[in-house]
Amino acid sequence: MSRKYIRYPVVIIPLLILLIYLLRERSPFGGDTSFEAEPKNEITRIEFGNKKENLTLEKKGETWFVNKSLETRKSSILFILKVLTEMKIKSPVTTELFSKEIVENGIDPLKVKVYEKGKLIKSFLVYKTGSNKYGNIMKLRESSRPFIVYIPGNEVEIGSAFTMNELFWQPYTVFSLLPSDIYSVAVENMADSSSSFIIKNDYGRTRLFNSTRELSGWDSSRIIRYLSYFAHVRFESWALTLSSDEKRSIEMKEPFYRIIVVTTRGVRQVVNLWQRTVDGENGIKTDTDRLWGKTEGSPELFVIRYIDIDPLLKKLSYFYP
């Protein structure tokens, strides 16, 4: 047999193998339609931007910061990193659906850029919409085909990860004070004013007051223990889904509790807490697990569990043997 004919299988077989490999690797939606970021080591910077504003998440050392100066909440960073590296296309979006849900509603996209050590490794557009439970439609570019994107095996609404709200990325902190940082604490119980109290920690001299006078006979160890509870008080989430009218309605009501703390540096922090209602089997009922809360000076209400705030909501009688 001629060597000329033997060479063909030697050349053709590797070409067939390469062709099969390329067909397997090719996206079922055609072209480059991959949305997930694939860093060599780790993502170090994420940028969000629209026509009005920008937000940056950046890792410095072992810590992530939002807009360069504010330390982030660890769980928020873990969430966005999971979304960016694991999201896949669930289904394409038709031209008709995109026009109806996005174009006709005037929804502008959020531009997302993902970096690794200064190198851009992925960028795409997020169109926030409530038309599907995943909460978003995405494109690689404005001229690209739109898709619904999700995390396989996870029903989380990944659209919530792409938010320009700076508060979302910050720690969910109500109080983070050592006893030595506290000059005074006042707890006002609106439902039972006789249970309200004021503690003053004036240069090591601790004093206890009710609404009219200074008191005696209290247990100093209980006051020391109480002040230690301010070291780590967190809330559950921001109440970002409430409408402006709902927020206004809550804040117009008298709080259930008010906590006023003055630090040794003269900083005054006021937290108001309101009873919360939820839908029950027999209609609206009081939420026995959570409260609405707001720190004066903050633009947003938050949701806090009783189990997290209850140590601070003592009655005056607590300080007596």
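All values derive from a computational prediction rather than experimental measurement. (Residues numbered from 1 in each chain as written. Predicted model: local features only at pLDDT ≥ 70, side-chain atom pairs only at ≥ 80, totals over all residues. Heavy atoms only, no water.)

*Asks:* For this particular structure, what's the right way to read the packing of aromatic side chains?
*Replies:* The relative placement of two aromatic rings is captured by the distance of their centres and the angle of their planes. Counted under the stated rule, the structure contains 20 aromatic pairs. Relative to Tyr127, the ring of Phe98 has its centre 5.2 Å away and its plane inclined at 80°; by these criteria the two rings are edge-to-face. With Phe98 in helix α3 (residues 95–103) and Tyr127 in strand β7 (residues 119–128), this pair connects stretches of sequence that are 29 residues apart. As far as the burial class goes, Phe98 and Tyr127 line up, both buried. Ring centres of Phe197 and Tyr226 lie 5.6 Å apart, and the angle between their planes is 80°; this geometry places the pair in the edge-to-face category. (Phe/Tyr/Trp six-rings, centres within 6.5 Å; stacked < 30°, edge-to-face > 60°. Helix = DSSP H or I, 4+ residues; strand = E, 2+ residues; numbered from the N terminus. Buried < 20%, exposed > 50% of the residue type's maximum accessible area, 1.4 Å probe, protein only.)

*Asks:* Explain α3 to me, please; I cannot follow it from the model alone.
*Replies:* Within the sequence span of α3, burial applies to Phe98, Glu101 and Ile102. Relative to the axis of α3, the buried residues are bounded by an arc of 85° and lie together on one face. Opposite the buried face of α3, by more than 90 degrees, sit the exposed residues Glu96, Lys100 and Val103. Lining the buried residues of α3 we find β7 and β8 (136–139). (Arc of directions from axis to C-beta. Contact = heavy atoms within 4.5 Å.)

*Asks:* Would you explain the pattern of salt bridges in this entry?
*Replies:* Where charged atoms from two side chains of opposite charge come close, those side chains can pair. For the structure shown, the criterion picks out 15 salt bridges. For Arg248, the salt bridge goes to Asp245, with nearest N and O atoms at 2.7 Å. Remark: Asp245 and Arg248 occur in helix α6 (residues 244–252); sequence separation between them is three residues, near one turn of the helix. Under the relative-accessibility criterion, Arg248 is labelled partly exposed at 45%. Classification of Asp245 as exposed rests on a relative accessible area of 53%. The closest approach of N and O atoms between Arg276 and Asp287, which form a salt bridge, is 2.6 Å. Pair noted here: Arg276 is in strand β18 (residues 268–280) and Asp287 is in strand β19 (residues 283–295), with a separation of 11 residues, a long-range link. (Salt bridge = Lys/Arg side-chain N within 4 Å of Asp/Glu carboxyl O.)

*Asks:* Hey, could you run me through unusual backbone geometry in this one?
*Replies:* Trans peptide bonds make up most of the peptide bonds, and negative phi angles are found at most residues other than glycine. One non-glycine residue, Lys68, lies in positive phi territory at about 75°. Take Lys68: it is sitting in the loop between β3 (63–66) and β4 (70–71). Under the relative-accessibility criterion, Lys68 is labelled exposed at 60%.

*Asks:* Is there a simple way to think about the confidence of the model for the chain in this case?
*Replies:* Close inspection of predicted coordinates is inappropriate for parts of the model with low pLDDT. Per-residue confidence for the chain averages 88 on the pLDDT scale, and 88% of its residues sit at or above 70. Across residues 20–27, where pLDDT falls below 50, the model places one contact with residues more than four positions away in sequence or in other chains. (pLDDT = per-residue confidence, 0-100.)

*Asks:* How do you make sense of helix α5 (residues 220–228) when you look at a structure like this?
*Replies:* Structurally, the α-helix is built with 3.6 residues per turn, so residues lying three or four positions apart point the same way. Every buried residue of α5 is listed here: Ile223, Tyr226 and Leu227. Along the axis of α5, the buried positions cluster into a sector of 95°, meaning they face one direction only. Among the structural elements, β11 (182–189), β12 (197–202) and β13 (205–209) are those in contact with the buried residues of α5.

*Asks:* Explain the environment of Tyr115 here, please?
*Replies:* Note that Tyr115 resides in strand β6 (residues 110–116). Residue classification places Tyr115 among the buried positions, given a relative accessible area of 14%. When near neighbours in sequence (up to four residues on either side) are disregarded, Tyr115 contacts Ile43, Thr44, Arg45, Glu47, Leu120 and Ile121.

*Asks:* Would you take a moment to explain the sheet that holds β19 for this structure?
*Replies:* For sheets, the rule is that strands pair by backbone hydrogen bonds, running either parallel or antiparallel. Spatially, β14-β13-β12-β11-β17-β18-β19-β20-β16 is the arrangement adopted by the nine strands of the open sheet, whose pairing is antiparallel. The sheet is open, and its two edges are formed by β14 (214–215) and β16 (237–238), each paired on a single side. As paired strands, β19 and strand β20 (residues 302–305) are joined by four bridges and run antiparallel to one another. The residue bridging Gly293 from the neighbouring strand is Phe302, located in β20. Running over the sheet, α5 touches β11, β12 and β13 and is turned about 90° from β12. (Pairing = 2+ DSSP bridges. Axes fitted to C-alpha atoms, helices over the stretch in contact; angles between N-to-C directions.)

*Asks:* Got a minute to help me understand the pairing of β8 in this structure?
*Replies:* Successive residues of a regular strand alternate their side chains across the two faces of the sheet. On β8, burial covers both faces: Asn136 and Met138 on one face and Ile137 and Lys139 on the other are all buried. As paired elements, β7 and β8 share four bridges and run antiparallel to each other. Looking at β8, one finds that Lys128 is bridged to Asn136.

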